[in-house]
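What the coordinates show
These are the residues of each chain, in order.
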Amino acid sequence: MPLSRTGRIHAAVKIDVLIPAIEKDLGSLPYVIDAVRAQVQHPIGQIIIIAPKRKRMMDFCRVKGCRFVDENTVLPLTKRDISYGSAKWERSGWLFQQLLKLSGDRLCGSDYFLVIDADTVLITPHSFRSGGKSVFYCRNWSQPEYFKTYRRLMGRKVSSSSSFVTHYMLFDKAKLSRMKKEIEARHGMPWYKAIITSMNRSKQFAFSEYETYGNYVYSTDRARTLLRKARNKSLHGSPGEIGKQRLAGLAKTYRSLSFHKRKGYVRTPGVSRARRK
C-alpha cells in the first residue's frame, strides 16, 4: 500500500475529491485542499473544483493542481433556473451546489469520490472505506424538513437515527447512480427536477444531499455501512488564523473545523440573487 507523507499506510481504495466553490471561498479553499491531501488516508486521483468560470478560480486550480469544472456545464439547468427564496432569504445557489455534488458520478473517474464543503478543514486522519464498508461521519442534529423531503422523494422514512449532514461525505458512484435512477422512475422526471418539486420551498432548509444519500445507502446496504461520530467544530474567522498549538489542541477533540460565512443566505435590498456560501 502507498504511504502518506507522515508514513501512515493509506487505505487501498483510490478516490477523487469534489469541491463546489465560489470566489469568496478562495480564503479557505487552499487549507481545505492541503488538509485533504494530508489527512485523507486513500490514494487521491483528481481534486475537482466546480465553480463559476472566473479567472481567479481557474488560476487557483492551476496553481494547486486541481481540475476546474465550470458549474454551468454540469447540469441542464443553472442557478438562474432555480427559484428558492423569500423576501428575506435566498437559497437558490445553496440548492444548486447540492445538485452539483450529486452530479459527481458523471465527473469523477474513480469508483468513489469524496465531497467536501469549501469551508471545512480536516484536522485528523480520515479513512472512508474500511473492511469493504463505507464510513460515514455523523452527528445528532438535523433539520426535520430534510426528512419530510426524503420521504416524498424516496417513498419511505429515513432509516438512520444519526444525521449525515457533516460537511463531507464519500459517495459510491454506482450507488449514487442507482439512487438517482430510482428517483426518476418513481417521479417520472429527471432526478434534479424531482428533488426541486419534492421540496417545500417556503422553508429555508428543505433538502440535504448528504441526508438523502446517506439514508439511501444506510437503508439499502446497512451491512456494508459504518457510522462514526463527526466531531466537527464551527469557528469564526479564517483557517489561517489558527496557530499550530491551538490546532493540535482542537485535534484532540475534533476531527474537522468549519469556517461558515452565511451572509449570502440573506437578501440584500436591491440585490436579486445572493450567492451561496
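Residues numbered from 1 in each chain as written. Predicted model: local features only at pLDDT ≥ 70, side-chain atom pairs only at ≥ 80, totals over all residues. Heavy atoms only, no water.

A tally of helices and strands in the protein chain yields 9 helices and 11 strands. The C-alpha atoms of the protein chain give a radius of gyration of 18 Å, which matches the 19 Å a tight globule of 277 residues would have. In terms of its C-alpha atoms, the protein chain occupies a principal-axis envelope of roughly 50 × 45 × 30 Å. Looking at the protein chain as shown, the accessible area adds up to about 12,800 Å², and 50% of this sits on carbon and sulfur atoms. Side chains of the protein chain carry 53 positive and 21 negative charges; the gap between the two charge centres is 5 Å. (Helix = DSSP H or I, 4+ residues; strand = E, 2+ residues; numbered from the N terminus. Rg over C-alpha atoms; globule rule 2.2 N^0.38 Å. Areas by Shrake-Rupley, 256 points an atom, 1.4 Å probe, with all protein chains shown as cover. Lys, Arg positive; Asp, Glu negative; His and termini not counted. Charge placed at Lys NZ, Arg CZ, Asp CG, Glu CD.)

Applying the stated rule across the entire model yields 12 salt bridges. Two residues, Lys64 and Asp34, come together in a salt bridge whose shortest N-O distance is 2.7 Å. A residue pair is termed long-range when its members are at least 10 positions apart, and Lys64 in helix α2 (residues 55-64) and Asp34 in helix α1 (residues 29-39) qualify at 30 residues. Assessed through its relative accessible area of 37%, Asp34 is described here as partly exposed. Among the salt bridges present, the one from Glu209 reaches Lys101, with a minimum N-O distance of 2.8 Å. In this pair, Glu209 sits in helix α8 (residues 209-220) while Lys101 sits in helix α3 (residues 92-101), placing the two residues 108 residues apart along the sequence. Each member of the pair, Glu209 as well as Lys101, carries the same accessibility label: buried. One salt-bridge network, in which partners are shared between bridges, spans Lys55, Asp59 and Arg62. (Salt bridge = Lys/Arg side-chain N within 4 Å of Asp/Glu carboxyl O. Buried < 20%, exposed > 50% of the residue type's maximum accessible area, 1.4 Å probe, protein only.)

Here we come to the packing of helix α5 (residues 144-154) against helix α6 (residues 173-187). With their axes 9 Å apart at the nearest point, α5 and α6 run at an angle of 70 degrees to one another. Taken together, the axes of α5 and α6 lie roughly perpendicular to each other. Of the residues in α6, those touching α5 at Arg151, Arg152, Leu153 and Met154 are Met179, Glu182, Ile183, Arg186 and His187. When its residues are assigned to classes, the contact of α5 with α6 shows 4 nonpolar, 1 polar and 4 charged. (Axes fitted to C-alpha atoms, helices over the stretch in contact; angles between N-to-C directions. Parallel < 35°, antiparallel > 145°, perpendicular 65-115°, else oblique. Contact = heavy atoms within 4.5 Å. Nonpolar A, V, L, I, M, F, W, Y, C, P; charged D, E, K, R; others polar.)

With that settled, consider the packing of α1 against α2. Two elements in contact, α1 and α2, have axes whose closest approach is 12 Å; the angle formed by their N-to-C orientations is 25 degrees. In terms of axis orientation, α1 runs roughly parallel to α2. Crossing of α1 over α2 shows right-handed handedness. Between α1 and α2, the residues in contact are Leu29, Pro30, Ile33, Asp34 and Arg37 and Met57, Phe60 and Lys64, respectively. (Left-handed = near helix turned anticlockwise from the far one by under 90°.)

Here the focus is the sheet that holds strand β9 (residues 225-229). Judged by pairing direction, the sheet is mixed, and its 3 strands sit side by side in the order β6-β7-β9 without closing on themselves. Both outer strands of the open sheet, β6 (129-130) and β9, are each paired with one neighbouring strand and no more. In the sheet, β6 pairs with strand β7 (residues 133-138) via 2 bridges, with the strands oriented antiparallel. Note on β7: the bridge partner recorded for Arg129 is Ser134. (Pairing = 2+ DSSP bridges.)

Moving on, we get to the environment of Gly131. Residue placement: Gly131 occurs in the loop between β6 and β7. Put simply, Gly131 and Leu170 are 39 residues apart on the chain and 15 Å apart in space, counted from C-alpha to C-alpha.

Glancing now at the pairing of β7. Counting buried residues in β7 gives 5 out of 6 residues, a clear majority hidden from the surface. Connecting β6 to the next strand, β7, in antiparallel fashion are 2 residues, including Gly131 with a positive phi near 60 degrees. Across 5 bridges, β7 lies against β9 in parallel orientation. The residue bridging Cys138 from the neighbouring strand is Lys229, located in β9.

What follows concerns the pairing of strand β8 (residues 168-172). Counting buried positions over the 5 residues of β8 gives 5, a clear majority of the element. Note that strand β4 (residues 112-116) and β8 share 5 bridges and pair antiparallel. Across the sheet, residue Leu114 finds its bridge partner in β8, namely Leu170.

Right, let's get into the environment of Phe259. Position of Phe259 among the secondary structure elements: in the segment after β11 (256-258). Look at Phe259 and you get buried, because its relative accessible area is 2%. Each C-alpha atom, one on Phe259 and one on Ser234, is 6.0 Å from the other, the two residues being 25 residues apart in sequence. Ignoring sequence-local partners within four residues, the contact set of Phe259 consists of Asp119, Val121, Leu235, His236, Gly237, Ser238, Pro239 and Ile242.

Any functional reading would require information that these geometric values do not contain.
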